[in-house]
Amino acid sequence: MRTVNSVNLLIGGAAGQGIDTMVYVLERSLMRTGYHSFTLRDYMSRVRGGHNFMQVRFGSAPVHTHDETPDLILCLNPETETLHRDALRPGGLIVTEGPAADSVPGRLSLPVKATTAAVGNPRTAGTVWLGALMHLLDLPLAPAEAMLSQIFGNSMLGQFNLKALAAGYALTSPQLRVPLPEAAAAPRMLISGNEALAFGALAAGMNFYVAYPMTPSTSIMTFLTRHTHATRTLVEQAEDEISAVHMAIGASFAGARAMTGTSGGGFSLMVEALGFAGIAEIPLVVADIQRPGPATGLPTRTEQSDLRFVVSASHGEFPRMVMALRDPADAYTQTQRAFRIAEDLQLPVILLGDQYLADSTVTLPAFSLPETPPPLPGARTFEGAGEDYRRYALTPEGISPRLIPGDIPGALVTADSDEHEDTGLITESSATRIAQMDKRMNKMKRLEALLEEPAYTGADNPETVLLTWGSTGVIAREAVETLVSRGEPVGMLCFGDIWPLPAATLHKLALSVKHWVAVEQNATGQLASLVREVTGIEAGTRILKYDGRPFSPDEIIRRLKGADA
Amino acid sequence: MPGFKTRETAWCPGCGDHVILSALQEVLEDSGLSPHQVLLTGGIGQAAKTPQYLTANAFCGLHGRALPPAVAASLVNPGLKVIIDTGDGDAYGEGGNHFLHQIRRNADITHFVHNNQIYGLTKGQASPTTDAGHVTEAQPDGSLLPSLNTLMVALAAGAGFVARSFSGDKAHLKKMMTAALAHPGYALLDILQPCVSFNKVNTLKWYQERIYDLQDAGHSTSDFSGALEATRQWGDRIPVGIFYESHQPTYAQRHPLLNTGLSLAHDQRPVAPLAAIMEKEFM
């Protein structure tokens, strides 16, 4: 048995073979045993068959991203071995289905089918694999037993699964061992990007979520639906994305804290409404969980190609904010901030996620929860007689007083997609147009004062700085940390707030940095072009990836060194 | 408390919208509601300007999109009486998908469709309810499409209140508006009206010569088959009145969260459930 600091597992099979449940139990068992983990989910756009795989990387220290090189490949179907064996780390292990006698060094053959027959239920194959895997990794079974009991209850199937876990465990012996962290960790959790976003929305007091299902955003809706009653949150499935965004806008106008979520295709349908929220000054939070486009693209895969689109989406000019979510902890925090800013400044805020962030799960310290509920949108009142209320009044602070219709007798609340007087009534007056436009566009200045600069990681005096945004930053950070540990003068920026673009750090670094390298999951370098537009800084090198698969830290290092991939 | 007042409009003299606005003002004035309790919504078009011309809360959105925000506003703030005033192009054309599916939702909203069988704001192109053969600048050979039988569509989608009235008969119009507003759930009132500028076919006189009252003819509002049959009458004889009414539970009444009368707009929920969710989902 070898002892290592971390292990990278690849578990592959066809859709419908139970990999989801198996990894669900494995990840939680690892967390409850005390390990840190990160799981990458790679799946095809089909419900049965095909080839899906997950990579579970776990260790005694925090793990933030995946690793392209598996130490152990668990092949639930023969295709997994064919597709992935070349990636195996030297000295690694392939585990496959077959008679035990077929085992050779480096390739373990397990009679899983025969074992399920002995257990008495062919549907327990996933659990037999899990038991075998846990013994190979010298993991205690108790957490997995508890999870299975929780999932299946006291049913016959539950009994079969417990039996299958033990039977799988008996098939193998320990091969790899990761020492447990010495200190017992503070309360921890296992969470995906979409779950963190949805939970952040609940923490922000959101109580109306409306969407049309679209991969990879749908899990936000399903998560929230599970908690409708406990949180008194209305979750609605609309007839299309146009309806979804308009329902969110209508609900926000009427006093709910509202949000919609989609992927790029659905966002394309929402675009006209975005400008409406802008001119009508209705707080709106929209999540665009990106996937490769254009059109249907690669529906279940990852990309960061909507940036230039969302910063300019919709005709006309209006203020908006765009935040790229970097990791689940960031998604939780920034989603709450998005609601605050949308309400304080009465404008649309767009959250940009992607499939990699949406579906990957990671162990994190438990989130700190708000101590008191955020005030209701209707808590903002109007000082004065209701009859004097003007929804679009010009005020010294530049923000018109927002009221919820129905709350104050005499006060009539309006929303108008036409240019309007302070009453909300249509106007074509030049002076009013200029005054209302200036009021709205001045919010961009207020936004600039609220911006958070991109996080810097790396050498103290970098010659080369990587420009990244969103989830790519987490992957690039591991690459940069590796390079810095080798003494290389490399650093990186990862943008979260991305529109308006925070430029102070860029300008400061520009005084000394020699090479800027854009690292982005798209074909054109969209952040690089935005940075050039705003600051004049040119990223001379662009490391771009648009095959729908996430970068790995090693790939970034290789391509930085001039290799192709 | 000031009542419902009308404002100066930008409509053509002789437009049916004037009567509809006046009828709505009088019906609301008699309703016992205060202006701040009423939310008028519209999309885009001449009819959709109605919310601009009456002193109530007003949500003037985008073309075709009157229904979704109206439904959402009513779901999250049930204290508001939500009324949509919009035209045939907005409701049945650009907003067609919302028309189908928001009817199915049966939120407690009242939908007044000012149906002049033409696009007025864009100056005279065919609308979904323009009769086949109607010649316009954009359809010089006459509209080649049959008009959409929108009342039949509403019945097929499950609407619990489907009625038609006519801007040329204000007393009937007020009666129908009052009945629609009293109906719990989605209520559709299609209001035939002349467009004096762009529809030279379906004039005030044209309608007056053809219209008859379904209720006078003995049609029962609970007769669904009779209602379907009545929606097929068009041409020499055009029925107005309540085609069909049935009391179905509203969306809020069916919804396990909303059926307590919860107003999400006023619901200060505690943070306590978050800790339990975090533990259950993630730990």
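These figures come from a predicted structure and were not determined experimentally. (Residues numbered from 1 in each chain as written. Chains lettered and ligands numbered in written order. Predicted model: local features only at pLDDT ≥ 70, side-chain atom pairs only at ≥ 80, totals over all residues. Heavy atoms only, no water.)

Chemist: Looking at this structure, I do not really get the overall build of chain B. What am I missing?
Modeler: Across its full length, chain B carries ten helices and eight strands. With respect to the principal axes defined by its C-alpha atoms, chain B has extents near 70 × 45 × 35 Å. Of the contacts made within chain B by residues no fewer than 6 positions apart, 71% connect residues no fewer than 24 positions apart. Carbon and sulfur atoms provide 55% of the accessible area of chain B, an area that totals close to 10,700 Å². Once the 20 positive and 25 negative side-chain charges of chain B are each reduced to a mean point, those two points are 2 Å apart. (Helix = DSSP H or I, 4+ residues; strand = E, 2+ residues; numbered from the N terminus. Contact = heavy atoms within 4.5 Å. Areas by Shrake-Rupley, 256 points an atom, 1.4 Å probe, with all protein chains shown as cover. Lys, Arg positive; Asp, Glu negative; His and termini not counted. Charge placed at Lys NZ, Arg CZ, Asp CG, Glu CD.)

Chemist: Looking at this structure, I do not really get the sheet that holds strand 23 (residues 541-544) of chain A. What am I missing?
Modeler: Sheet strands pair by backbone hydrogen bonding; their relative direction is either parallel or antiparallel. All names here are of chain A. Read across the sheet, five strands follow the order 18-20-19-22-23 without closing on themselves; strand pairing throughout is mixed. Both edges of this open sheet fall to strand 18 (455-458) and strand 23, since each of them pairs with a single strand only. The average angle at which neighbouring strand axes cross in this sheet is 20 degrees, direction not considered. Relative to strand 23, strand 22 (residues 515-520) is paired through four bridges, and the arrangement is parallel. Bridging from a neighbouring strand, Ala518 pairs with Arg542 of strand 23. Packed onto the sheet, helix 17 (residues 472-485) meets strand 18, strand 19 (464-469), strand 20 (490-495) and strand 22 and runs at close to 165 degrees relative to strand 20. (Pairing = 2+ DSSP bridges. Axes fitted to C-alpha atoms, helices over the stretch in contact; angles between N-to-C directions.)

Chemist: Would you take a moment to explain the interface of chain A and chain B for this structure?
Modeler: Often, the extent of an interface is quoted as the loss of accessible area upon association of its parts. Between chain A and chain B, the residue contacts involve 75 residues of the former and 53 residues of the latter. Interface area, chain A with chain B, both sides summed: about 5,300 Å², of which 64% is carbon and sulfur. Of all residues in chain A, the largest losses of buried area upon contact with chain B belong to Arg232(A), Glu239(A) and Leu412(A), amounting jointly to 13% of the total for that side. The interface formed by chain A and chain B includes three salt bridges. In this structure, the salt-bridge partner of Arg105(B) is Glu236(A), at a minimum N-O distance of 2.0 Å. Residue classes in the side of chain A that touches chain B are distributed as 42 nonpolar, 18 polar and 15 charged. Looking at chain direction, strand 17 (residues 414-416) of chain A and strand 2 (residues 57-60) of chain B are connected through three bridges and run parallel. Note that in strand 2 of chain B the partner of Thr414(A) across the bridge is Ala58(B). (Buried area = accessible area lost by both parts, 1.4 Å probe. Salt bridge = Lys/Arg side-chain N within 4 Å of Asp/Glu carboxyl O. Nonpolar A, V, L, I, M, F, W, Y, C, P; charged D, E, K, R; others polar.)

Chemist: Hey, could you run me through the environment of Asp108(B) in this one?
Modeler: All names here are of chain B. Structurally, Asp108 is set in the loop between helix 4 (96-105) and strand 4 (109-115). Given the relative accessible area of 36%, Asp108 is considered partly exposed. Taking the C-alpha atoms as reference points, Asp108 and Tyr186, separated by 78 residues in sequence, lie 5.3 Å from one another. Setting aside chain neighbours within four positions, we find Asp108 in contact with Ser74, His183, Pro184 and Gly185. Of the polar contacts made by the side chain of Asp108, one reaches the backbone nitrogen of Gly185; its length is 2.9 Å. (Buried < 20%, exposed > 50% of the residue type's maximum accessible area, 1.4 Å probe, protein only. Polar contact = N/O pair within 3.5 Å; in protein donor to acceptor, adjacent residues only side chain to side chain.)

Chemist: Quick question: what am I supposed to make of the packing of helix 7 (residues 193-203) of chain A against helix 8 (residues 218-226) of chain A here?
Modeler: What describes two packed helices is the angle between their axes and the distance between those same axes. All names here are of chain A. Interaxial distance between helix 7 and helix 8 falls to 9 Å at its minimum, and their mutual angle equals 50 degrees. With respect to helix 8, the axis of helix 7 lies oblique. Pair helix 7 / helix 8 crosses with right-handed handedness. Here Asn194, Glu195, Leu197, Ala198, Phe199 and Leu202 of helix 7 lie close against helix 8, whose contacting residues are Ser219, Ile220, Phe223 and Leu224. When grouped by side-chain class, the residues that make up the contact of helix 7 with helix 8 number seven nonpolar, two polar and one charged. (Parallel < 35°, antiparallel > 145°, perpendicular 65-115°, else oblique. Left-handed = near helix turned anticlockwise from the far one by under 90°.)

Chemist: Please clarify how the pattern of salt bridges should be interpreted in this entry.
Modeler: Opposite charge on two side chains allows them to pair when their charged atoms are near. Summed over all chains, the structure comprises 34 salt bridges over all chains. For Glu26(B), the salt bridge is made with Lys174(B), and the minimal N-O distance between the two is 2.7 Å. Here the residue Glu26(B) occupies a position in helix 1 (residues 16-31), and Lys174(B) occupies one in helix 6 (residues 170-182), the gap between them amounting to 148 residues. Take Glu26(B): its relative accessible area is 26%, and that puts it in the partly exposed class. On the basis of relative accessible area, Lys174(B) is assigned to the partly exposed category, the value being 23%. Overlapping salt bridges, with partners in common, bring together Lys545(A), Asp547(A), Glu555(A) and Arg559(A) in one network.

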